[in-house]
Amino acid sequence: MIDAMSETSPEPRGRTGPRLVIVGAGKMGGAVLQGAIAAGALERSDVAIFHPNQRRLAELSERFGVAGVDAAGLHEAEHVLLGIKPQSFASVAPIVAQPRSAFISLMAGVTSETIARRVGSKRVIRAMPNLGASLGVGATALAWLPESTSEDVALARRLFGAVGRVYDLREELFDAFTGMAGSGPAYVAVVAEALADGGVRVGLDRSLARDVARQLLLASARLLETKYPSELKDEVSSAGGTAIAGVRTLEKHRLRFALMDAIEEATRRAGELSREDGK
Ligand SMILES: NC(=O)c1ccc[n+]([C@@H]2O[C@H](COP(=O)([O-])OP(=O)(O)OC[C@H]3O[C@@H](n4cnc5c(N)ncnc54)[C@H](OP(=O)(O)O)[C@@H]3O)[C@@H](O)[C@H]2O)c1
């Protein structure tokens, strides 16, 4: 339910339409919408979708089981979730601009100051979710301009809390978060593939090796919910045994350095992309 926020909104309006409108119900916007409805963080009647193409709007509205709105309905919304691509923002901003609405943006690399300037409202919250959000195990960073109300922030926490964990983060660290949490699934996928290759190298069938690599990652992630990584490593590494022999080889080939450097390089690249898209 998002009822509390508008009751304490600074400029109450005689609105009759949905309180939250999703502009860009694609992979990420759609995952957040679906997750929030499934978790009971959002009532279907409180949310609607906007899309400039009528046919597409009808499709999205049917897919998510929520109403569609036109531009007039969009401007009635207390909150707008921007799930469009950063490259689309320049053309979409004049359509969504509304000084009395608050904006929650998923767009990578577009700063909250830029959003505020283009939509004419300083109630802007920036969210950086990652792929896990589509499975309910996301990691989302949130930052907001001081003009955002506590109800705006509470809504963002509810939406992203429905699809995983939420971290308050200074906006200057969003590139770092992108380099680690946003790009991280790719690094883990490379590790999973390399583990499977290792299994094949020592004689296991490819399909077995791939399956075992996945089970290893699942079990390790579950164990890391209650243990530090060093504890898990130490528990598996018995004196003079196989695991410590493998760990020594990873150190020799600088796996730690490679992963740390990957995050640093991805963070640098996120900064470069922000400068291109975030103006
Ligand atoms: N995917 C991720 O893992 C991830 C992670 C962090 C942040 N993000 C951010 O999330 C945003 C969306 O990414 P995505 O992967 O979800 O992309 P996506 O699947 O392409 O979603 C974008 C959606 O926006 C719609 N759209 C385009 N123009 C529109 C307009 N004028 N009005 C309303 N809707 C419009 C598109 O509709 P059509 O399909 O009809 O074109 C599409 O449904 C990006 O800004 C990205 O930086 C994504």
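Everything quoted here is computed from the prediction, not taken from an experiment.

J.: I'm lost on unusual backbone geometry in this one. Help?
T.: A negative phi holds for most residues other than glycine; trans holds for most peptide bonds. Look at Arg254: it is not a glycine, yet its phi comes out positive at around 60°. With respect to the element layout, Arg254 can be found in the loop between α12 (242–252) and α13 (255–277).

J.: Help me understand the domain arrangement of the protein, please; the structure alone is not making it clear to me.
T.: A common way to report how large an interface is uses the accessible area buried once the components associate. With domains assigned, the protein is organised as domain 1 (3–174) and domain 2 (182–267). Summarising the inter-unit geometry, the C-alpha centres of domain 1 and domain 2 are found 37 Å apart.

J.: Sorry, what's going on with the pairing of strand β6 (residues 124–128) here?
T.: The side chains of a regular strand alternate, first on one face of the sheet and then on the other. Burial runs high along β6: five of the five residues are buried. Covered by surrounding structure in β6 are Val124, Arg126 and Met128 together with Ile125 and Ala127, the residues of both alternating faces. When strand β5 (residues 102–105) meets β6, the two strands line up parallel, connected through three bridges. Of the residues in β6, the one forming a bridge with Ile104 is Ile125. In terms of handedness, the path from β5 via helix α6 (residues 112–119) over to β6 forms a crossover that is right-handed.

J.: Can you help me understand the pattern of salt bridges in this one?
T.: Where charged atoms from two side chains of opposite charge come close, those side chains can pair. Per the stated rule, a full pass over the model turns up 15 salt bridges. Salt-bridge contacts for Arg56 lead to Glu59; the nearest nitrogen and oxygen are separated by 2.7 Å. Of this pair, Arg56 and Glu59 both sit in helix α3 (residues 54–64), three residues apart, roughly one helical turn. With relative accessibility at 30%, the residue Arg56 sits in the partly exposed group. With a relative accessible area of 34%, Glu59 lands in the partly exposed category. Of the charged contacts in the structure, one is a salt bridge between Glu172 and Arg170, with a shortest N-O distance of 3.0 Å. For the residue pair Glu172 and Arg170, the accessibility class agrees, reading exposed in each case. Beyond isolated ion pairs, a larger network of salt bridges with shared partners links Glu265, Arg268, Arg269 and Glu272.

J.: What am I meant to see in the site of the ligand here?
T.: In the vicinity of the ligand, 20 residues are found, and the nearest of them are Lys27, Met28, His51, Arg56 and Ile84. Here Gly26 contributes a backbone N or O atom positioned 3.5 Å from an oxygen atom of the ligand. Computed on the free molecule, the ligand has an accessible area of 890 Å², of which 76% lies beneath the protein chains in the complex. Along the lines of polarity and charge, the residues of the shell around the ligand split into 13 nonpolar, four polar and three charged.

J.: What is the right way to look at the confidence of the model for the protein in this model?
T.: Regions with low pLDDT carry predicted coordinates that are not meant to be interpreted in detail. Residues at a pLDDT of 70 or more form 92% of the protein, whose mean pLDDT is 92. Contacts for the low-pLDDT stretch residues 1–14, under 50 throughout, to residues beyond four places or in other chains number 34 contacts.

J.: Looking at this structure, I do not really get the side chain of Thr140. What am I missing?
T.: As for its position among the elements, Thr140 is in strand β7 (residues 138–144). A relative accessible area of 0% places Thr140 in the buried class. In this structure Thr140 touches Ala127, Met128, Pro129, Phe160, Arg165, Val166, Tyr167 and Phe177, once residues within four positions along its chain are discounted.

Reading guide: rules and limits
Residues numbered from 1 in each chain as written. Predicted model: local features only at pLDDT ≥ 70, side-chain atom pairs only at ≥ 80, totals over all residues. Heavy atoms only, no water. Helix = DSSP H or I, 4+ residues; strand = E, 2+ residues; numbered from the N terminus. Domains from an automatic or database assignment. Buried < 20%, exposed > 50% of the residue type's maximum accessible area, 1.4 Å probe, protein only. Pairing = 2+ DSSP bridges. Right-handed = clockwise from strand over helix to strand, strands pointing away. Salt bridge = Lys/Arg side-chain N within 4 Å of Asp/Glu carboxyl O. Near = heavy atom within 4 Å. Polar contact = N/O pair within 3.5 Å; in protein donor to acceptor, adjacent residues only side chain to side chain. Areas by Shrake-Rupley, 256 points an atom, 1.4 Å probe, with all protein chains shown as cover. Nonpolar A, V, L, I, M, F, W, Y, C, P; charged D, E, K, R; others polar. pLDDT = per-residue confidence, 0-100. Contact = heavy atoms within 4.5 Å.

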